[in-house]
Amino acid sequence: MQIELNGTRIETEAATLAALIAERGLDPAAVATALDGAFVARAARTAAPLIPGVRVEILSPMQGG
């Protein structure tokens with residue numbers, strides 16, 4: 001299915017937000033997530049379904065100053 005990930009259209013086989021994070025090879029403990037602009041807590045990612053066209057944000061914290 002096609003979704004929007006961080007502003008870019010991608011193709012994914014992931015059915016949930018947790019599966020998308022795994023598919024992309026990301027550390028689930030090191031990212032913050034949102035679906036269609038709504039924050040999704042780490043514990044809720046396995047129950048957060050992806051649907052075609054959904055807007056997903058996956059952000060990693062950055063250090064610096």
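**Considering the sheet that holds strand β1 (residues 2-5)**
Logical step 1: Taking strand neighbours across the sheet as the criterion, the five strands line up as β2-β1-β5-β3-β4 in an open arrangement whose pairing is mixed. Every interior strand has two partners, whereas the edge strands, β2 (8-11) and β4 (38-40), have only one. Averaged over all pairs of adjacent strands, the angle between strand axes in this sheet comes to 35°, irrespective of strand direction.
Logical step 2: By the bridge criterion, four bridges tie β1 to β2 in an arrangement that is antiparallel. Opposite Ile3, over in β2, you have Ile10 as the bridge partner.

**Things to note about the nonpolar core**
Logical step 1: Formed by 15 residues in total, the largest nonpolar core has its most connected members in Ile3, Leu17, Leu20, Leu35, Leu50, Val56 and Ile58.
Logical step 2: In terms of residues, this core owes the most to one element, helix α1 (residues 17-23), which gives three residues.
Logical step 3: Each residue touching Ile58, except ones within four places of it in the same chain, is listed here: Leu5, Asn6, Leu20, Ile21, Leu26, Val31, Ala32 and Thr33.

**A closer look at the pairing of β1**
Logical step 1: Residues Ile3 and Leu5 point to one face of β1 and are all buried, whereas Gln2 and Glu4, pointing to the other face, are not buried.
Logical step 2: Linking two consecutive strands that pair antiparallel, namely β1 and β2, is a turn of two residues; a positive phi of about 50° is found at Asn6 within it.
Logical step 3: Where β1 meets strand β5 (residues 55-59), two bridges bridge the pair, whose relative direction is parallel. Residue pairing in the sheet places Glu4 in a bridge with Arg55 of β5.

**Remarks on the pairing of strand β3 (residues 32-35)**
Logical step 1: Pairing of β3 with β5, which is carried by four bridges, proceeds in the antiparallel orientation. Within β5, the residue paired with Ala34 across the bridge is Glu57.
Logical step 2: Sheet topology places β3 next to β4; three bridges connect them, and they run antiparallel. By the bridge assignment, Thr33 is partnered in β4 with Val40.
Logical step 3: Here β3 hands over to β4 after two residues, with Asp36 in that stretch at a positive phi of 50°.

The rules we used
Residues numbered from 1 in each chain as written. Predicted model: local features only at pLDDT ≥ 70, side-chain atom pairs only at ≥ 80, totals over all residues. Heavy atoms only, no water. Pairing = 2+ DSSP bridges. Helix = DSSP H or I, 4+ residues; strand = E, 2+ residues; numbered from the N terminus. Axes fitted to C-alpha atoms, helices over the stretch in contact; angles between N-to-C directions. Core = buried A, V, L, I, M, F, W, Y, C linked by side-chain atoms within 4.5 Å. Buried < 20%, exposed > 50% of the residue type's maximum accessible area, 1.4 Å probe, protein only. Contact = heavy atoms within 4.5 Å.

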